[in-house]
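Observations on chain architecture
Chain by chain, the residues:
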Amino acid sequence: MSPEELRRLVRGLKARVTELERRETPGFPGDGEQRFRNMFQDLPLIVWVHDREGRLDSVSHGSCEFFGVGEDEMSGDRWLAFVHPDDRDAYAGELAGCVGKRRDFHGEVRMRRVDGEWRWLETWGRPLQSDAGEFRGFVGVSADITELTRARLALRTSSRNLHKLSRAIEKSPASVMITGTSAEIEYVNPAFLEVTGYQLEEVLGRNARILKSGVHTPDFYRGLHETIASGRAWHSEICNRKKSGELYWELIVIAPIEDENGGISHYVSIAEDITERQRALAELRDREERLSSILHAAVDAIITIDNQGTILSVNPATERIFGYGRDELIGENVKMLMPSPYHEEHDGYLARHRRTGENHIIGIGREVSGKRKDGSVFPADLSVNKVDGADVYTGIIRDVTGRKEAEDAQTSLGRLVEESLGEIFVVDAETLKFLQVNRGGRVNVGYTMEELREMSPLDLVSRGDPERLNSLLEILRSGAKSKIDLEDKLQRKDGTCYNVEISAQMTTYRGRPCFVAHILDVTRRHELEQEVVRAAEEEQQRIANDLHDDLGSLLTGIKLRAESLVRLLAESPGDSEAVAAGEEVVAMIQNAITTTRSIARGLRPVGSHPEDLMITLRRLIESVNTTTDVSCRLHCPVSILVHDQIVSHHLFRITQEAVNNAVKHSNGEAILISLTRSGDTIELEVCDEGRGIDHAEELGSGLGLHIMKYRAAAIGGTFRISRRKNRAGTRVFCSVRDAAP
């Protein structure tokens, strides 16, 4: 019975009750009340009447049949026991409110039948009143709407599920497409549009073959169509084409959708873009192939074993190193490759690892011994790692026989170097800090190794010049030269200095780029050279004096006697030839005197007086200015007195050599000679404005450069030649001590 039919029934009951009320006196007297009861009690419907207090007064026979109880079991307030506990208070309250306010009642409630089944009832009721308006109670009718309620619930559930499914499809990262049986596209979700690059209006109504890539064969598509046409789902990996023409791979399932008659009405496809996965798989296969190639090409033995120590695989290097064939190794215990005592102890190591899980070698490289098939034992580096997710271990064994031999040789060489009396300094090429200094070097400079590791060569050079040091080292860094040789002075911890010859080259030390300097203390040699030079200078001075004084005086006396003889011959008439011969002898003697004095001056260019160096330098400048196109001048604010004649001699020779080199090779137009004194130190500087000297030339072995260095060393001086700072040209510098007597 529909709700509208129930409403019409209630209106009919009300009209019938009203008619009965008009026929009887108030209070349901006499036959009218009985006829009213008979009327609704005979109805097969659930009809009820409440009195003016809200208690159930009577129900229809249909009500009793529905609930399976007698009328007296429901009368009064007993009917509330049949109402569901969750509905009871609200339903009873709503009904009481309608009774109190004398208004119509409508509601839905769950009530229990005698068999225990709960049924949904929809109830309509309205107040009964007399013509005078007196309230007499309530009459109502209820309809069983259980099935309707269930249908509504199922419909709501179905609607919610359908909404969820629709939302899931719309939000799904997988591409979803629905087509008709002719493959015309009827629906696609946003993921499909994002993957393919199409707009919705571009695909609806079009055939699904717009995605066809051309990669697959006709048999591939034939198998697809036959599978789904038979009512079965088809799943595979497929290559499709985007709107842009780009190919992409999908993992796809295509399933038929049946209509109410069991026939196929549509097809639905659900696909996941696996292009990146395919690419990753391709890269993985490529890596596996490369790994296989590496394993086969590796020079180290690579062995995999299980947790019992059984060999699972080996690479070719394993066969070569140990002398076994692959078939001789697979399935055997790896301890066969170990000498005693490792051979006997290995099973215990594995058992302890399985029992405790502790790693004593896994992930930690160590040096071990291996045993070849011929029984020979060799040193090896071993690295063991566990394969993730499996009780499989990989061991890499490297035969280090050659390295050990080299290390032994290096150790022996290292001892020789350490004990060497020569000085060897190893400098880090990046930080310029000392990495190692042998015992000879440490003893001579007076520093400990800990102190030296915090120092650089600039801390030891007497006059450290960072720019000069970097320039020299750059020659080695750039490969312009493999070795540089130079002379310098080193300063000890106690402040004393000593002369050294340095031979430096670039190499590696413990895997790090470095400079190695072999240093020879030449202090004693310089002292001996100075003694030799001083003796030679003294002898040269003696010879010059003898030539100038003794031989010059003798020749002068002979000249005077020859002139006297010529005068006597001239007084004798008729002997003109003898006079001419005499005059020729006088001229020859004069030439001998001039030559002797010139030789004497060459042997002794600077006199013994302290001012003679200044005089000799001025003569040199005058000679340069008169015989060449180069302007040469002397910068000396005050006259410099040099008390040591040997120092004067060598300073002049250094100046002479520097000026000659500048005139011949610099292509400059001016030369400046500077001589200054600061206390007991005299500094000589010769600068030109020519092309300048590079650092490779500074280290060169030219004769002139070698002679200047030699002369400076002979008088205990410091000599440097370099490019002028911020200006073109070359600077020759010499500093020497000259104490006043």
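See above for the structure.
Here the structure is a predicted model, which is why all the values come from computation and not from measurement. (Residues numbered from 1 in each chain as written. Predicted model: local features only at pLDDT ≥ 70, side-chain atom pairs only at ≥ 80, totals over all residues. Heavy atoms only, no water.)

**Remarks on the overall build of the chain**
Across its full length, the chain carries 22 helices and 25 strands. Within the chain, buried positions represent 38% of all 741 residues. Contacts in the chain between residues at least 24 apart in sequence constitute 47% of all its contacts with a sequence separation of at least 6. Split by element, the accessible area of the chain, about 41,500 Å² in all, is 52% carbon and sulfur. (Helix = DSSP H or I, 4+ residues; strand = E, 2+ residues; numbered from the N terminus. Buried < 20%, exposed > 50% of the residue type's maximum accessible area, 1.4 Å probe, protein only. Contact = heavy atoms within 4.5 Å. Areas by Shrake-Rupley, 256 points an atom, 1.4 Å probe, with all protein chains shown as cover.)

**Here we look at the pairing of strand β19 (residues 497–509)**
Consecutive residues of a regular strand have side chains that alternate between opposite faces of the sheet. Of the pairings in the sheet, the one linking strand β18 (residues 483–491) to β19 comprises nine bridges and is antiparallel in character. Among the inter-strand pairings, Lys489 is bridged to a residue of β19, identified as Asn499. Here β18 hands over to β19 after five residues, with Gly495 in that stretch at a positive phi of 95 degrees. Summarising the sheet, β19 and strand β20 (residues 512–521) pair through ten bridges and their orientation is antiparallel. Among the inter-strand pairings, Ala504 is bridged to a residue of β20, identified as Ala517. (Pairing = 2+ DSSP bridges.)

**Some thoughts on the sheet that holds strand β23 (residues 681–688)**
Two orientations exist for strands paired in a sheet by backbone hydrogen bonds: parallel and antiparallel. Ordered in space as β21-β22-β23-β25-β24, the five strands form an open sheet in which the pairing is mixed. Both edges of this open sheet fall to β21 (631–635) and β24 (718–723), since each of them pairs with a single strand only. Mean inter-strand twist for the sheet, computed between neighbouring axes without regard to direction, equals 10 degrees. The sheet contact formed by β21 and strand β22 (residues 670–678) spans five bridges and is parallel. Residue pairing across strands places His635 opposite Ser674, the latter belonging to β22. (Axes fitted to C-alpha atoms, helices over the stretch in contact; angles between N-to-C directions.)

**Some words on unusual backbone geometry**
Looking along the chain, the bond that leaves Ser340 and enters Pro341 is cis, with omega of 5 degrees. Within the secondary structure, Pro341 sits in the loop between α11 (326–329) and α12 (342–356). One non-glycine residue, Leu432, lies in the positive phi region at around 60 degrees. Here Leu432 shows up in the loop between β16 (423–428) and β17 (434–437). Positive phi is not limited to glycine here, since Asn667 has a value of about 60 degrees.

**Here's the deal with the pairing of strand β5 (residues 135–144)**
Burial analysis of β5 places nine of its ten residues in the buried class, the great majority of the element. Note: strand β1 (residues 46–50) against β5, five bridges, orientation antiparallel. By the bridge assignment for β5, Trp48 is matched with Gly140. For strand β4 (residues 118–129) and β5, the ladder comprises nine bridges, and the chain directions are antiparallel. Considered in β5, the bridge of Trp124 is made with Val141.

**Overview of the pattern of salt bridges**
Summed over the entire model, instances satisfying the criterion amount to 31 salt bridges. Linking Glu328 and Lys373 is a salt bridge whose minimum nitrogen-to-oxygen distance equals 2.9 Å. Here Lys373 lies in the loop between β13 (366–371) and β14 (377–386) and Glu328 lies in helix α11, a separation of 45 residues in the sequence. Assessed through its relative accessible area of 35%, Glu328 is described here as partly exposed. (Salt bridge = Lys/Arg side-chain N within 4 Å of Asp/Glu carboxyl O.)

**Describing the packing of aromatic side chains**
Enumeration according to the criterion identifies nine aromatic pairs in this entry. Taking the centre distance of 6.1 Å and the plane angle of 75 degrees together, the rings of Trp79 and Tyr91 count as edge-to-face. Taken together, the residues span a long stretch of sequence, with Trp79 in the loop between α3 (61–67) and α4 (85–101) and Tyr91 in helix α4 at a distance of twelve residues. Like Trp79, the residue Tyr91 is buried in the burial classification. An aromatic cluster of at least three residues, connected via ring pairs, comprises Phe66, Phe67 and Phe82. (Phe/Tyr/Trp six-rings, centres within 6.5 Å; stacked < 30°, edge-to-face > 60°.)

**Some remarks on helix α19 (residues 612–627)**
With 16 residues, α19 extends 22 Å between its outermost C-alpha atoms, agreeing within 8% with the 22 Å of an ideal straight helix rising 1.5 Å per residue. Along α19, the residues classified as buried are Asp612, Leu613, Met614, Thr616, Leu617, Leu620, Ile621 and Val624. Elements in contact with the buried residues of α19: β21, α20 (645–666) and β22. (Expected span 1.5 Å × (residues − 1).)

**Concerning the environment of Glu94**
Inspection of the secondary structure puts Glu94 in helix α4. Residues Glu94 and Phe105, eleven residues apart in the sequence, show an inter-C-alpha distance of 8.0 Å. If we skip the residues at most four places from it in the chain, Glu94 touches Arg103 and Phe105.

**A look at the sheet that holds strand β7 (residues 185–188)**
Strand order across the open sheet formed by five strands is β7-β6-β10-β9-β8, with antiparallel pairing between neighbours. Both edges of this open sheet fall to β7 and β8 (234–241), since each of them pairs with a single strand only. Put simply, the sheet's adjacent strands are angled 30 degrees from each other on average, direction ignored. Across six bridges, strand β6 (residues 175–180) lies against strand β10 (residues 264–273) in antiparallel orientation. Counted as the bridge partner of Ile178 is Val268 from β10. The sheet strands contacting helix α8 (residues 218–229) are β8, β9 (247–258) and β10, and the helix crosses β8 at an angle near 135 degrees. Of the strands in this sheet, β8, β9 and β10 are in contact with helix α9 (residues 275–297), which crosses β9 at around 130 degrees.

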